[in-house]
Amino acid sequence: MAQNQKKLFIKTWGCQMNVYDSNKMADILMPLGYKPVDAPDDADFIILNTCHIREKATEKVFSELGRMKPHKQRKQEQGNKALIAVAGCVAQAEGDYIMERAPYVDMVFGPQTYHELPEMVAKTIGAYGKSRIVNTELSTDNKFDKLPEEAQSQGVSAFLSVQEGCDKFCTFCVVPYTRGAEYSRPPEQILEEARRMVANGVREITLLGQNVNAYHGDDENGKTWGLGRLIRELAEFDALERIRYTTSHPRDMDDELIAAHGDVEKLMPFLHLPVQSGSDRILKLMNRKHTADDYRRIIDRLRDVRPDLALSSDFIVGFPGESEDDHQATLKLVEDIGYTFCYSFAYSPRPGTPGANMGGMVHKDIASRRLQELQGLLNKQQVEFNKNTIGMTLPILLDRKGSRDGQMHGRSPFMQSTHVQADERLYGQIVNVKIEKAFANSVSGTIVTADGVILSNAA
Ligand code: SAH
Ligand code: SF4
Ligand code: F3S
């Protein structure tokens, strides 16, 4: 590593938006001489990009900070400067508290401030030891205009942020407070970023947003594009093979987007559409503004146009006031829909959200029993789904080396993790794989040619 090069260690929690942001932070710090490294040991700059969605996440940040402190001390003893920063949603929500509780933290900055990183670093290093920075500005100018072009390769499958923030205010959720109001990037800017990504070898793009299907970007002619239109335009890029998007809200599944699932071949047959609960009473208390049957109808419409669509969702059990009947309604909805894989959580009251003051808190033991029941059912569906793909030949995008020798990992159109014996040179290719074995979290198989002939030494 060159003399003037400094080591940057970023640890990321939370959603894909944070993963995307961490890459952007590395990109913006690169011209300042920071090079990403995989371990904090000798780092000159440590950034914890945090998530505030559930209680334990905050505590995790503080214990992680405790682990980072000795690295900074060691550097200091060697006469070097090392910076520790907290970014992301915990930074946004708990900025001052972090500064108070962890005096060795140099910088705290929220998700809307990353484009100001060079200035913030200059200020902190300049006044090293004297000045600490808290920057939790939410309504800055459009940070996307100021962020640099991608400097690092994201691999063959990459995220592209199209929308940020949330105006929905579900009563359990901190996101509208940590990420601010909904904002959609202009379509031209997104297409330009996609063009560069594809030119750099990206073959699958996942469009990101806290409410990605609420996307409504105005183009240069003042026309508003929805997500369906954006997906159609992206599908025109020849070298781009696959398009996905996440996370979406049932209320924003409009006609154009549903139609895209039917006729845009590159849009993969997998959709993460969180429903949270199957009880109308709880959905109302959660301020989701749709019923369980509204959700069923949306799924019916999607499956009408794309019968093999695989579905995933998020669930919360033990929301304040949740009765046994409400819980049963959730299990019923899961039975009715049939999911491939889901995330489920016990409700965690978040300070400042309406849910935290609702009363009727469900006892911890009851919530964990309900969570177990729900997860039992979801796991059963997941295994079933994987088993049902045995015997199918699926196009798998090989995106990294597998854990075993001679093995590659890839994703099926349904997002299944797939392991296959394959030469590393096939990285980035889409190969036809006959699925032979199904496990709880993955499948495996053998590469075949398009007409089903097994390639003994696939390379
Ligand atoms: N924008 C997405 C969700 C973002 S948060 C949507 O609208 O669905 C990701 C998931 O975390 C949520 O879907 C929810 O299931 C879970 N979650 C959010 N707040 C929570 C809380 N207070 N307690 C438990 N789980 C929560
Ligand atoms: Fe949170 Fe609801 Fe917004 Fe999703 S839609 S980010 S759950 S407030
Ligand atoms: Fe977490 Fe913030 Fe994402 S709270 S889920 S990192 S938007």
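Residues numbered from 1 in each chain as written. Chains lettered and ligands numbered in written order. Predicted model: local features only at pLDDT ≥ 70, side-chain atom pairs only at ≥ 80, totals over all residues. Heavy atoms only, no water.

Student: Just checking my understanding: could you explain the overall build of the protein for this structure?
Tutor: Scanning the protein for helices and strands turns up 13 helices and 22 strands. By the compact-globule yardstick of 23 Å for 459 residues, the protein fits well, its C-alpha radius of gyration being 23 Å. Its C-alpha atoms put the protein at 65 × 60 × 50 Å along the principal axes. Across the 459 residues in the protein, those meeting the buried criterion constitute 54%. Restricting to contacts in the protein with at least 6 residues of sequence separation, those with at least 24 account for 73%. By element, 48% of the accessible surface of the protein is carried by carbon and sulfur atoms, the whole surface being about 20,400 Å². (Helix = DSSP H or I, 4+ residues; strand = E, 2+ residues; numbered from the N terminus. Rg over C-alpha atoms; globule rule 2.2 N^0.38 Å. Buried < 20%, exposed > 50% of the residue type's maximum accessible area, 1.4 Å probe, protein only. Contact = heavy atoms within 4.5 Å. Areas by Shrake-Rupley, 256 points an atom, 1.4 Å probe, with all protein chains shown as cover.)

Student: Help me out: how do you make sense of the site of ligand 3 in this one?
Tutor: Taken together, the residues surrounding ligand 3 are Cys15, Asn18, Thr50, Cys51, His52, Ile53, Cys89, Val175, Arg179 and Gln210. Among the residues making up the shell around ligand 3, the classes are represented as five nonpolar, four polar and one charged. Here the shell around ligand 3 spans two domains, and each of domain 1 (6-135) and domain 2 (143-316) adds at least three residues to it. (Near = heavy atom within 4 Å. Nonpolar A, V, L, I, M, F, W, Y, C, P; charged D, E, K, R; others polar. Domains from an automatic or database assignment.)

Student: Explain the site of ligand 1 to me, please; I cannot follow it from the model alone.
Tutor: For ligand 1, the set of nearby residues contains 15 residues, the closest of which are Phe172, Gln210, Gln276, Asp314 and Ser348. One nitrogen or oxygen atom from the side chain of Gln276 is found 2.7 Å from an oxygen atom belonging to ligand 1. Here ligand 1, which alone exposes 550 Å², has 89% of that area covered by the protein. Of all the secondary structure elements, the ones that give two or more residues to the shell around ligand 1 are strand S16 (314-317) and strand S17 (343-346). Looking at the shell around ligand 1 residue by residue, the class counts come to seven nonpolar, four polar and four charged. (Polar contact = N/O pair within 3.5 Å; in protein donor to acceptor, adjacent residues only side chain to side chain.)

Student: What is the right way to look at the sheet that holds strand S10 (residues 204-208) in this model?
Tutor: Note: strands within a sheet are paired through backbone hydrogen bonds, in either parallel or antiparallel orientation. Here we have three strands laid out as an open sheet, ordered S7-S10-S13, and parallel in their pairing. For this open sheet the edge positions go to strand S7 (157-161) and strand S13 (242-246), each flanked by a neighbour on one side alone. Averaged over all pairs of adjacent strands, the angle between strand axes in this sheet comes to 25°, irrespective of strand direction. As defined by bridge partners, S7 adjoins S10 across five bridges and the pair is classed as parallel. (Pairing = 2+ DSSP bridges. Axes fitted to C-alpha atoms, helices over the stretch in contact; angles between N-to-C directions.)

Student: I keep staring at the environment of Arg54 and nothing clicks. Help me out?
Tutor: Looking at where Arg54 falls in the secondary structure, it is placed in the loop between strand S3 (45-50) and helix H2 (55-77). Ignoring anything within four residues of it in the chain, the contact list for Arg54 reads Phe345, Ser348 and Arg350.

Student: Honestly, helix H4 (residues 117-126) in this entry has me stumped. Any pointers?
Tutor: Because an α-helix packs 3.6 residues into every turn, residues spaced three or four apart end up facing the same way. Among all positions of H4, only Leu117, Met120, Val121 and Thr124 are buried. In an axial view of H4, the angular spread of the buried residues amounts to 100°, which keeps them on one side of the axis. Opposite the buried face of H4, by more than 90 degrees, sit the exposed residues Ala122, Lys123 and Gly126. Those residues of H4 that are buried lie in contact with helix H1 (16-29), strand S2 (34-36), S3, strand S4 (83-87), strand S5 (107-109) and strand S6 (133-135). (Arc of directions from axis to C-beta.)

Student: Would you mind going over the domain arrangement of the protein with me for this structure?
Tutor: How big an interface is tends to be stated in terms of accessible area lost as the parts join. Domains assigned within the protein are domain 1 (6-135), domain 2 (143-316) and domain 3 (393-458). Averaged C-alpha coordinates put domain 1 and domain 3 at centres separated by 38 Å.

Student: What is the right way to read the pairing of strand S22 (residues 442-448) from this model?
Tutor: Regular strands place their side chains on alternate faces of the sheet. Burial within S22 is extensive, with six of its seven residues counted as buried. Across six bridges, the pairing between strand S21 (residues 430-438) and S22 is antiparallel. Paired with Asn432 across the two strands is Val448, which belongs to S22. Connecting S21 to the antiparallel partner S22 that follows it, the hairpin turn spans three residues.

Student: Which parts of the structure should I look at to understand the sheet that holds S6?
Tutor: The sheet built from six strands is open, its strands ordered S2-S1-S3-S4-S5-S6 with parallel pairing. Sheet topology places S2 and S6 at the edges, where each strand pairs with a single neighbour. Looking at each pair of strands side by side, their axes are set apart by 20° on average, direction ignored. With three bridges connecting them, strand S1 (residues 6-12) and S2 associate as parallel partners. When the sheet's bridge partners are listed, Lys6 is paired in S2 with Tyr34.

Student: Would you take a moment to explain the pattern of salt bridges for this structure?
Tutor: Think of it this way: side chains of opposite charge can pair up when their charged atoms draw near. For the coordinates displayed, the defined rule picks out 31 salt bridges. For Arg203, the salt bridge is made with Glu241, and the minimal N-O distance between the two is 2.5 Å. Taken as a pair, Arg203 in the loop between helix H7 (187-199) and S10 and Glu241 in the loop between helix H8 (227-235) and S13 lie far apart in primary sequence, 38 residues in all. For the salt bridge of Arg369 with Glu373, the shortest nitrogen-to-oxygen distance reads 3.2 Å. With Arg369 and Glu373 both in helix H13 (residues 364-388), this residue pair falls four residues apart, about one helical turn. Exposure remark for Arg369: the relative accessible area of 32% places this residue in the partly exposed category. Linked through salt bridges whose partners overlap, the residues forming this network are Glu322, Glu324, Arg369, Arg370 and Glu373. (Salt bridge = Lys/Arg side-chain N within 4 Å of Asp/Glu carboxyl O.)

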